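Examination of the molecular architecture
The residues making up each chain are set out below.
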Amino acid sequence: MTAIEIQDLAVRFGRRRALDAITADFGTGVHGLLGPNGAGKSTLIRVLATLTAPSGGSVRLLGHPPAGADLRPLRREIGYLPQEFGWYPRFTAREFVEHFGWLKEVPAAELMPAVDRALRRVGLGDRADEKLKRLSGGMRRRVGIAQAIVNDPGLLLLDEPTAGLDPEQQDEFRELLRELGRDRCVVLATHLMSDAKACDQVLVLDAGRPVFRGTPAELADGGDLADGYRAVLGASRAGAA
Ligand SMILES: Nc1ncnc2c1ncn2[C@@H]1O[C@H](COP(=O)(O)OP(=O)(O)OP(=O)(O)O)[C@@H](O)[C@H]1O
């Protein structure tokens, strides 16, 4: 199934165009959003999370109507890790993930097994009863990923998921990413070429517009991925000048 169908999407904040002329489909697999600061990556993720309304165009998610009056059934199927998320220092990791599972309306009988499974998947099975204030920044990030997957979402949205993880944790996370992308649509915003390499497809945005869509190998174009990325940005800016 096509998880995301975006047609001529535009998002404006006052006179600023955060996104413009985005048309793209995303299916099962891991899709990376790349682009410099302010390119519109977080805005696109927030539109997909149903938190920012499009100013123009349409977005159809998981086969639900584009602008359904009741977003709850769709939101139950979405997992979202924001760039920065609030956390309650006195909650344990398990309580925190349980809270999000409850918000996502995971059925009561399935909730605790789902919480434990999500914590195990991010490698925190043995730290479940630790208070969040006692965990490192990287571990709290992993708790954030656990809350995003607790409802086994069909659409998983991750904004800079590897920020704050050490290199070993980043490698483990990319392994998890590949596993999660096997049977669902995962979209992640990232600045890291090493994250982009782990994606099936990448979409490069610049100043709110799409400037490249393809596989990481196509972006690298036989060379280094970072060079390919700089080349598509340079070409789009030369064209716009
Ligand atoms: N709520 C808002 N109100 C006004 N402008 C906004 C708002 N959210 C985003 N913008 C603007 O929209 C543009 C895109 O921002 P966005 O955060 O989506 O970019 P980004 O690619 O995620 O950047 P970064 O890599 O720095 O996280 C920027 O110019 C930003 O200032």
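Quantities reported herein were computed from a predicted structural model and do not represent experimental measurements. (Residues numbered from 1 in each chain as written. Predicted model: local features only at pLDDT ≥ 70, side-chain atom pairs only at ≥ 80, totals over all residues. Heavy atoms only, no water.)

**Examining the nonpolar core**
To keep it simple, the criterion reads: Here the nonpolar core consists of buried residues drawn from Ala, Val, Leu, Ile, Met, Phe, Trp, Tyr and Cys, with membership extended through side-chain atoms lying within 4.5 Å. Only protein chains enter the accessibility calculation, which uses a 1.4 Å probe; a residue is then buried when its area is under 20% of its type maximum, exposed when over 50%, and partly exposed in between. Secondary structure elements follow DSSP: runs of H or I no shorter than four residues count as helices, runs of E no shorter than two count as strands, and numbering proceeds from the N terminus. All domain edges in this entry derive from an automatic or database-based domain assignment. For this analysis, residues touch if any pair of their heavy atoms sits within 4.5 Å.
In terms of nonpolar packing, the biggest core is built from 47 residues, with Leu34, Val97, Leu119, Val143, Leu158, Val204 and Leu219 touching the most fellow members. Here this core gets six residues from one element, more than from any other, and that element is helix 5 (residues 137–149). Looking at which domains feed residues into this core, each of domain 1 (1–77 + 155–241) and domain 2 (84–152) gives three or more. Not counting chain neighbours up to four residues away, the residues in contact with Leu158 comprise Ile45, Leu81, Ala148, Phe173, Leu177, Val186, Val187, Leu188 and Ala189. Counting 30 residues, the second largest nonpolar core, distinct from the first, contains Ile4, Ala18, Tyr80 and Ala189.

**Regarding the domain arrangement of the chain**
Heads up, the rule is: Buried area: the accessible area, evaluated with a 1.4 Å probe, that two parts lose upon being put together, summed over both parts.
Domain annotation for the chain reports domain 1 (1–77 + 155–241) and domain 2 (84–152). Distance from the C-alpha centre of domain 1 to the C-alpha centre of domain 2: 25 Å. Both faces considered, domain 1 and domain 2 share a buried interface measuring about 1,300 Å² in area, 49% of it formed by carbon and sulfur atoms. Of all residues in domain 1, Arg76, Leu176 and Arg184 bury the most surface against domain 2, accounting for 33% of the area lost on that side.

**Side note on the pattern of salt bridges**
Inclusion rule: Salt-bridge detection follows one rule: a side-chain nitrogen of Lys or Arg within 4 Å of a carboxyl oxygen of Asp or Glu.
Evaluation of the coordinates by the stated rule reveals 15 salt bridges. In this structure, the salt-bridge partner of Glu105 is Arg72, at a minimum N-O distance of 3.0 Å. Remark: Arg72 occurs in helix 2 (residues 72–75) and Glu105 occurs in the loop between helix 3 (93–103) and helix 4 (108–121); sequence separation between them is 33 residues. Between Arg174 and Asp195 there is a salt bridge; the shortest N-O distance is 2.8 Å. Pair noted here: Arg174 is in helix 6 (residues 167–180) and Asp195 is in helix 7 (residues 193–197), with a separation of 21 residues, a long-range link. Taking relative accessible area as the criterion, Arg174 reaches 7% and is therefore assigned buried.

**Remarks on the site of the ligand**
Here is the rule we go by: For each residue, the test is whether any non-hydrogen atom lies within 4 Å of the molecule or strand; if one does, the residue is near. Polar contacts here mean pairs of N or O atoms no more than 3.5 Å apart (in protein, one a potential hydrogen donor and the other a potential acceptor; neighbouring residues in sequence count only if both atoms are side-chain atoms). Only the protein chains shown count as covering a residue, and every accessible area follows the Shrake-Rupley method with a 1.4 Å probe. Throughout this entry, Asp, Glu, Lys and Arg are counted as charged residues, while Ala, Val, Leu, Ile, Met, Phe, Trp, Tyr, Cys and Pro are counted as nonpolar. The remaining residues, Gly among them, count as polar.
For the ligand, the set of nearby residues contains 13 residues, the closest of which are Asn37, Gly38, Lys41, Ser42 and Thr43. A distance of 2.9 Å is found between an oxygen atom of the ligand and a backbone nitrogen or oxygen belonging to Gly40. The separation between an oxygen atom of the ligand and a polar main-chain atom of Ser42 is 2.8 Å. Protein coverage of the free-state accessible area of the ligand, which is 630 Å², stands at 64%. Those elements that provide at least two residues to the shell around the ligand are strand 2 (16–26) and helix 1 (41–48). For the shell around the ligand, the element with the most residues is helix 1, which contributes three residues. Residues belonging to the shell around the ligand are distributed by class as follows: four nonpolar, seven polar and two charged.

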